[in-house]
Every structure is written in C-alpha cells, then in structure tokens.
Amino acid sequence: NCNLSASNSGSNEVIYDDYTSHFTVNNNHISGGYFGINIFSAGNSTAYSNGVYTNNRLVNYSYSAWYSFSTNLNNYTRNIIDSPATGGSYGFVSLYEDGANYNSNQVIAPGLYYPIVVEYANYYSSSAIFTVENNFFSNFQDYTYFYLYYCSNVLIAHNTMYGSAYNPALYMAI
C-alpha cells in the first residue's frame, strides 16, 4: 500500500525488478518513470522466476507502464494502467517471457500505441502456457489492441477490447 513515484523524463523506472525470485508488488500506486515497472531476468531460469504483481495502478509513465524482458512464470493480476504522461506509449510490453499469466487487468490509458505487446512468448521454454485472459483493453492511439509476434503455447481467452479500431483488435504473426 505505497505511493511510489519517479520523474517521467529520462530513462528511469519507478520499480526495477532485476533477477529476482518470488518478488511481490501488491496494492501500490505507481506514478512516473520512462517505465513504470521494468522487469529483467534470465530466460528459462528457475532461480529467477515467479514474480507476483497484483492490484497496482500505474500512471504518468512516458514510454511503457510495464516492461518485462526474459522473465519466467510471472503473474500479473488485477492491475490498472491509465493516464500516461504522453501519447504514443505502451501498456504491457512482454518480450521473451516464458509462462506468464496476465489475468483480470485493465489497460484504459488514452493515447496508447498498443495496450499490450507480446513478442517471443515462451521463447526459451514452450512447456509452460503463456496466458492472457479476462483482461479489458481500451483507448489506443493507433494500431491494434493486442499484438502477438512469434509466440508458442499461448492461451488467449475472454478478453474485452473496446474502441473504434481501423486495424484488427488482435494481430498475430506466429
């Protein structure tokens, strides 16, 4: 139950999760940063895995509310992303993430390029299921609501995408 903040200029982050195991971020108001939360880990590692990010609200970030790179078995549940500092930013960005679970999140920030970008899901290990379910995505500036690129063993179910897109709501290049 903390209010965490940083400047949204430069290349800083409010939370930098670097090679942790069972790291929990719960019930926080996170404001600012180039990244609101930046998670960096080692792909296909059991030593650095199982982060839990629940009931957080991310606002006033300049590039990406959430940036996860090469993480393992993280859970993102009931988080709210809204009010970026500028247009042209991203909600969730997931790169080379294995076995993640995105469940019951709301990405309602106006002016986003993409509410969620998932590239190379399960790149290091396709044995775990990468899950995106029961989320609400709305308000974007351009492109699509949900972008998947070269992913394997992905479950997408019961998500709501709201708005007037001139491009598809879901883009997949698998």
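We now turn to the structure provided with this report. (Residues numbered from 1 in each chain as written. Predicted model: local features only at pLDDT ≥ 70, side-chain atom pairs only at ≥ 80, totals over all residues. Heavy atoms only, no water.)

1. Quick word on the sheet that holds strand 5 (residues 35–40)
Here is step 1: Strand order in this open sheet of 7 strands is 2-5-8-11-14-17-20, and the pairing throughout is parallel. Each edge of the open sheet carries a strand with a single partner, namely strand 2 (13–18) and strand 20 (170–173). For this sheet the average axis-to-axis angle between neighbouring strands, irrespective of direction, equals 10°.
Here is step 2: Examined bridge by bridge, strand 2 and strand 5 share 5 bridges and lie parallel to one another. Pairing of Glu13 across the sheet is with Phe35, part of strand 5. (Pairing = 2+ DSSP bridges. Helix = DSSP H or I, 4+ residues; strand = E, 2+ residues; numbered from the N terminus. Axes fitted to C-alpha atoms, helices over the stretch in contact; angles between N-to-C directions.)

2. What to know about the environment of Ile15
Here is step 1: Position of Ile15 among the secondary structure elements: in strand 2.
Here is step 2: A sequence separation of 46 residues divides Ile15 from Tyr61, and the C-alpha atoms of the two residues are 12 Å apart.
Here is step 3: In contact with Ile15, other than residues within four places in its own chain, are Leu4, Phe23, Val25, Ile30, Gly36, Ile37 and Asn38. (Contact = heavy atoms within 4.5 Å.)

3. What to know about the sheet that holds strand 12 (residues 101–103)
Here is step 1: Read from one edge to the other, the open sheet built from 6 strands follows the order 3-6-9-12-15-18, with strand pairing classed as parallel. Each edge of the open sheet carries a strand with a single partner, namely strand 3 (24–26) and strand 18 (154–157). For this sheet, the mean inter-axis angle between neighbouring strands, taken without regard to orientation, is 5°.

4. Some words on the packing of aromatic side chains
Here is step 1: Scanning the entire structure with this criterion turns up 30 aromatic pairs.
Here is step 2: Between Trp66 and Tyr76 the ring centres are 5.7 Å apart and the planes differ by 90°, which places this aromatic pair in the edge-to-face class. Of this pair, Trp66 sits in strand 8 (residues 64–69) while Tyr76 is found in strand 9 (residues 75–77), placing the two residues 10 residues apart along the sequence.
Here is step 3: Among the residues examined, Trp66 registers a relative accessible area of 0% and is labelled buried.
Here is step 4: We classify Tyr76 as buried; its relative accessible area is 0%.
Here is step 5: Ring geometry for Phe137 versus Phe146: centroids 5.8 Å apart, planes at 70°, classification edge-to-face. The exposure classification of Phe137 matches that of Phe146, with both residues buried. (Phe/Tyr/Trp six-rings, centres within 6.5 Å; stacked < 30°, edge-to-face > 60°. Buried < 20%, exposed > 50% of the residue type's maximum accessible area, 1.4 Å probe, protein only.)

5. Some words on the nonpolar core
Here is step 1: Ranked by internal contacts, the top residues of the largest apolar core, which has 28 residues, are Trp66, Tyr76, Ile81, Phe92 and Val118.
Here is step 2: Sorting the residues of this core by element identifies strand 2, strand 5, strand 8, strand 14 (112–119), strand 15 (130–133) and strand 17 (146–149) as the ones contributing at least two each.
Here is step 3: Broken down by element, this core gets its largest block of residues, 3 residues, from strand 14.
Here is step 4: Ignoring anything within four residues of it in the chain, the contact list for Trp66 reads Ile37, Ile39, Tyr53, Asn56, Leu58, Tyr76, Asn79, Ile81, Gly91, Phe92 and Val93.
Here is step 5: By size, the runner-up hydrophobic cluster in this structure holds 8 residues, among which are Phe35, Val93, Leu95 and Tyr114. (Core = buried A, V, L, I, M, F, W, Y, C linked by side-chain atoms within 4.5 Å.)

6. Some thoughts on unusual backbone geometry
Here is step 1: With phi around 60°, Asn44 is a residue other than glycine that occupies positive phi space.
Here is step 2: Here Asn44 shows up in the loop between strand 5 and strand 6 (52–54).
Here is step 3: Non-glycine residue Asn153 carries a positive phi angle of around 55°.
Here is step 4: On the secondary structure map, Asn153 appears in the loop between strand 17 and strand 18.
Here is step 5: For Asn153, a relative accessible area of 36% puts it in the partly exposed group.

7. Let's talk about the pairing of strand 8
Here is step 1: Burial within strand 8 is extensive, with 5 of its 6 residues counted as buried.
Here is step 2: As judged from the 5 bridges shared by strand 5 and strand 8, these two strands associate in the parallel manner. Paired with Asn38 across the bridge in strand 8 is Tyr67.
Here is step 3: As defined by bridge partners, strand 8 adjoins strand 11 (residues 89–95) across 5 bridges and the pair is classed as parallel. Across the sheet, residue Phe69 finds its bridge partner in strand 11, namely Leu95.

Everything listed here is a matter of coordinates, which is why it stays silent on function.
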